[in-house]
Protein chains: 2
Amino acid sequence: MTISHMAAEVAEIPEVAARFLDLSRDAVQAAAAALRDRDPDLVITVARGSSDHAATYLKYAVELLAGVPVASVGPSIASIYRRPLRLGRAACIGISQSGRSPDIVEMMRAAGAGGALTLAITNFEDAPMAEASAHCLPLRAGAERSVAATKTFVTSALAGLALLAEWQEDADLRAAVAGAPDAFGRALALDWSPLAARLSRAQSAYVLGRGPGFAIAAEAALKFKETCGLHAESYSAAEVLHGPSAIVQARFPVFALGVEDAALPHVVATAERLAAQGADVFLTGGDAAGAMRLPSVDGLHPLLSPLVLAVAFYRFVEELARRRGFDPDTPPHLRKVTETM
Amino acid sequence: MTISHMAAEVAEIPEVAARFLDLSRDAVQAAAAALRDRDPDLVITVARGSSDHAATYLKYAVELLAGVPVASVGPSIASIYRRPLRLGRAACIGISQSGRSPDIVEMMRAAGAGGALTLAITNFEDAPMAEASAHCLPLRAGAERSVAATKTFVTSALAGLALLAEWQEDADLRAAVAGAPDAFGRALALDWSPLAARLSRAQSAYVLGRGPGFAIAAEAALKFKETCGLHAESYSAAEVLHGPSAIVQARFPVFALGVEDAALPHVVATAERLAAQGADVFLTGGDAAGAMRLPSVDGLHPLLSPLVLAVAFYRFVEELARRRGFDPDTPPHLRKVTETM
């Protein structure tokens, strides 16, 4: 039996992550030194699709560890509206697998022209986005043949964490980053078959998270759409109670990403409330009355845990796609590189 | 026949908007003067639910007109993670109808303690959020009995535009704000019955926009969930092509919010592409091959146009809710004031 490109690329994640950490040490150090020099009051992120979820992940990590606010700027501000932003003492981090979407490249160029310190995270160090930026962290993840990004998503987010650990010279996060390849390997062994059984025919679902886990919820919802034809939507476990829970009727599937951090009791509380509404709730951390607990890799740094969940999710969703009759490598209507303005 | 609270509150929008502009002139001037004094390098927004869509609206407006980057900060950063952010020369705008959700109040207090200039936009000038902020723009929209916010959403966004116009002393936007009540009145007369016919039994849909129109797409998607039990999800008209279009199969309903601004050709291009995939596409601006054009109020300031669309949408969605068998005033599982941490 031939396995899909997606399955092969997910299985490669521990090795790709280890290679990135090994080969990109100097690039990470140089970019971190530039961040310490600049001491930014603001970090701007520029990205689309899965890469934008890596940017959201980084937003929470930077705000929680460095205390510097992070703004996601729509690339259209530069590419369509042509409005230069006042970027004073900002750092601008662009994330793109291909490094080629014209709107992203234009925004990085505009940010640099406006005085921002620009850093590109991309798979290809000769990509136009890398050339438009002062620093580049090349992922060196190898070709990604599956349209759905997996190994490049995880490596992009890990690159961001590695950069943050060096910028802040934070020993705990440094150790967590060094241990990431091993944790990713353990995540590949998790069994989430009860969730697969529930989602084998579902049409709609919610994926919930909080803090950095929210970014992984967003990524999971996108992958459900791309590979399984499932209309999954992500919400913060708080935000979902401000309106969206209205469509959560009996047996509505809810996948709640809980990790061991300060937000876990709140994720559990939301899981219990939606279970009480009759939803079929699956939860990866803590224990919620009425919800099914899925196995997880425990004892990790709270800024790494959600990324480890992403690895477990990727293996899971590739199998779910085939179970639902989809070829995970060829999502309808999509190509690998999407170029937008 | 008794009309719903929601219908009555939507019909009130022109009058409520005019009253806000009349009664809040001094508060807007004082807050604008404080913004000019502070000359912020960064604007932070803090909000949830519909109010967060008003904040997104304001993000695009501030970035496009003032050139100052805007970051949405998750209230959990203060309320759960208890991480003080470095807010240097920032202004922090909180938006909440009730002004009472503890996470929002805590974030405003933390921002003020960190040195940010804090401004509250809320319906109640004695709300805890107002008391935790240096300035307040009270909406004075009267009681909102419908759970789904309508008049307070529009007035919050208009308050933000009024503040921006005075802060930047921009004559065009000032004139647009003054003319808003009249434009809202014209929006109430628009007939979108072809869209209602298509959505009378739909289970899933996408709502698309770009720039400030994206914020209105997000608000529309939330209202479809709250009042119609319809799983509608919003995307930027660029972002939807980076993956989510995979679930757009034949006859999938797509509602594209186009307004007369620089992004319109790109919204039209996305509408055409999704129509070519077989989607049933409805569009409010421009002309797209294969899409149905809905009527709109034309000739408006590009920062006001999307908000005028929101008014037309609210009247439309209240009717759609009843057509789908829902009472628009009592969404399942929701209460008017949601308090989260």
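Cut-off values and rules
- Residues numbered from 1 in each chain as written.
- Chains lettered and ligands numbered in written order.
- Predicted model: local features only at pLDDT ≥ 70, side-chain atom pairs only at ≥ 80, totals over all residues.
- Heavy atoms only, no water.
- Core = buried A, V, L, I, M, F, W, Y, C linked by side-chain atoms within 4.5 Å.
- Buried < 20%, exposed > 50% of the residue type's maximum accessible area, 1.4 Å probe, protein only.
- Contact = heavy atoms within 4.5 Å.
- Helix = DSSP H or I, 4+ residues; strand = E, 2+ residues; numbered from the N terminus.
- Pairing = 2+ DSSP bridges.
- Axes fitted to C-alpha atoms, helices over the stretch in contact; angles between N-to-C directions.
- Buried area = accessible area lost by both parts, 1.4 Å probe.
- Salt bridge = Lys/Arg side-chain N within 4 Å of Asp/Glu carboxyl O.
- Polar contact = N/O pair within 3.5 Å; in protein donor to acceptor, adjacent residues only side chain to side chain.
- Right-handed = clockwise from strand over helix to strand, strands pointing away.
- Parallel < 35°, antiparallel > 145°, perpendicular 65-115°, else oblique.
- Nonpolar A, V, L, I, M, F, W, Y, C, P; charged D, E, K, R; others polar.
- Domains from an automatic or database assignment.

1. Side note on the nonpolar core
Within soluble globular proteins, side chains that are nonpolar generally end up buried alongside one another.
No. 1: Counting residues in hydrophobic clusters, the biggest one holds 236 residues, and the most contacted among them are A:Phe224, A:Leu307, B:Phe184, B:Phe224 and B:Leu307.
No. 2: Apart from the residues lying within four places of it in its own chain, the contact partners of B:Phe224 are B:Leu199, B:Val207, B:Gly229, B:Leu230, B:Ala232, B:Phe255, B:Phe313, B:Phe316, B:Val317 and B:Leu320.

2. Some thoughts on the environment of A:Trp192
All names here are of chain A.
No. 1: With respect to the helices and strands, the residue tryptophan 192 is situated in the loop between helix 10 (180–187) and helix 11 (193–199).
No. 2: Put simply, tryptophan 192 and threonine 270 are 78 residues apart on the chain and 21 Å apart in space, counted from C-alpha to C-alpha.
No. 3: Once you skip the residues sitting within four places of it in the chain, tryptophan 192 turns out to touch Phe255, Thr284, Leu294, Pro295, Leu309, Ala312, Phe313 and Phe316.

3. Considerations on the sheet that holds strand 3 (residues 91–96) of chain A
All names here are of chain A.
No. 1: Here five strands make up an open sheet; going across it, the order is 2-1-3-4-5 and the pairing parallel. For this open sheet the edge positions go to strand 2 (70–72) and strand 5 (135–138), each flanked by a neighbour on one side alone. Neighbour-to-neighbour, the strand axes of this sheet turn through a mean angle of 20°, independent of strand direction.
No. 2: Bridge count between strand 1 (residues 43–47) and strand 2: three bridges; the pairing is parallel. Among the inter-strand pairings, isoleucine 44 is bridged to a residue of strand 2, identified as alanine 71.
No. 3: Across the sheet, helix 3 (residues 25–38) is in contact with strand 3, strand 4 (117–122) and strand 5; its angle to strand 5 comes to roughly 145°.

4. A short note on the environment of A:Ala175
All names here are of chain A.
No. 1: Tracing the backbone shows alanine 175 in helix 9 (residues 171–178).
No. 2: Alanine 175 gets classed as exposed once you look at its relative accessible area, which sits at 52%.
No. 3: With 39 residues separating them along the chain, alanine 175 and cysteine 136 place their C-alpha atoms 23 Å apart.

5. Concerning the interface of chain B and chain A
No. 1: Facing the 73 residues of chain B at the interface are 72 residues of chain A.
No. 2: Buried surface at the junction of chain B and chain A, both sides included, amounts to about 5,800 Å², of which 55% is carbon and sulfur.
No. 3: The largest share of the area that chain B buries against chain A comes from B:Tyr81, B:Arg86 and B:His242, three residues that together contribute 13% of it.
No. 4: On the surface where chain B and chain A come into contact, there are eight salt bridges.
No. 5: Measuring nitrogen to oxygen at the nearest pair gives 2.9 Å for the salt bridge that ties B:Arg86 to A:Asp39.
No. 6: Linking chain B with chain A are 32 residue pairs in polar contact (both at pLDDT 80 or more).

6. Considering the pattern of salt bridges
No. 1: One pass over the structure, following the stated rule, counts 42 salt bridges over all chains.
No. 2: In this structure, the salt-bridge partner of A:Asp22 is A:Arg25, at a minimum N-O distance of 3.8 Å.
No. 3: Within the structure, one salt-bridge network assembled from shared partners comprises A:Asp39, A:Asp41, A:Arg89 and B:Arg86.

7. Quick word on the pairing of strand 4 of chain A
Residue and element names in this part refer to chain A.
No. 1: Counting buried positions along strand 4 yields six of six residues, so the element is predominantly enclosed.
No. 2: Here strand 4 shows no split at all, with Leu117, Leu119 and Ile121 on one side and Thr118, Ala120 and Thr122 on the other all buried.
No. 3: As judged from the six bridges shared by strand 3 and strand 4, these two strands associate in the parallel manner. Within strand 4, the position partnered with isoleucine 95 by the bridge is isoleucine 121.
No. 4: A crossover connection joins strand 3 to the parallel strand 4 through helix 6 (residues 102–113); in handedness this β-α-β unit is right-handed.
No. 5: Pairing analysis gives four bridges linking strand 4 to strand 5, with the strands arranged parallel. Each residue of the ladder has a partner; that of isoleucine 121, found in strand 5, is leucine 137.

8. Here we look at the packing of helix 4 (residues 49–66) of chain B against helix 12 (residues 212–228) of chain B
Residue and element names in this part refer to chain B.
No. 1: Where helix 4 meets helix 12, the axes come as close as 8 Å, and the angle between the chain directions of the two elements is 170°. Classified by the interaxial angle, the pair formed by helix 4 and helix 12 is roughly antiparallel. Residues Gly49, Ser50, His53, Thr56, Tyr57, Tyr60 and Leu64 of helix 4 lie in contact with helix 12, whose contacting residues are Pro212, Phe214, Ala215, Ile216, Ala218, Glu219, Leu222 and Lys223.
No. 2: Across the contact of helix 4 with helix 12, the residue classes tally to nine nonpolar, four polar and two charged.

9. Focus: the environment of B:Met107
Residue and element names in this part refer to chain B.
No. 1: Checked against the element boundaries, methionine 107 lands in helix 6 (residues 102–113).
No. 2: Taking the relative accessible area as the measure of exposure, methionine 107 reaches 2% and is therefore buried.
No. 3: Non-local contacts of methionine 107, meaning those with residues more than four positions away in its chain, are made with Val46, Val73, Gly74, Pro75, Ala78 and Leu85.

10. Quick notes on the domain arrangement of chain A
Residues and elements named next belong to chain A.
No. 1: The domains assigned to chain A are domain 1 (5–178) and domain 2 (191–323).
No. 2: The C-alpha centroid of domain 2 is placed 26 Å from the C-alpha centroid of domain 1.
No. 3: Taken together, the contact pairs 24 residues of domain 1 with 22 residues of domain 2.
No. 4: Between domain 1 and domain 2 the total buried area reaches about 1,900 Å² when both faces are included, carbon and sulfur atoms providing 81% of it.

11. Let's talk about the side chain of A:Thr118
Residue and element names in this part refer to chain A.
No. 1: Relative to the helices and strands, threonine 118 resides in strand 4.
No. 2: Among the polar contacts listed, one links the side chain of threonine 118 to the backbone nitrogen of alanine 134, at a separation of 2.9 Å.
No. 3: Aside from chain neighbours lying at most four places away, what touches threonine 118 is Cys92, Met108, Ala111, Gly112, Ala132, Ser133, Ala134 and His135.

12. Re the pairing of strand 1 of chain A
Within a regular strand, side chains alternate between the sheet's two faces.
No. 1: Judged by how many residues are buried, strand 1 of chain A sits mostly within the fold: five of five residues are covered.
No. 2: Burial of the side chains of strand 1 of chain A extends over both faces: A:Val43, A:Thr45 and A:Ala47 are buried on one face and A:Ile44 and A:Val46 on the other.

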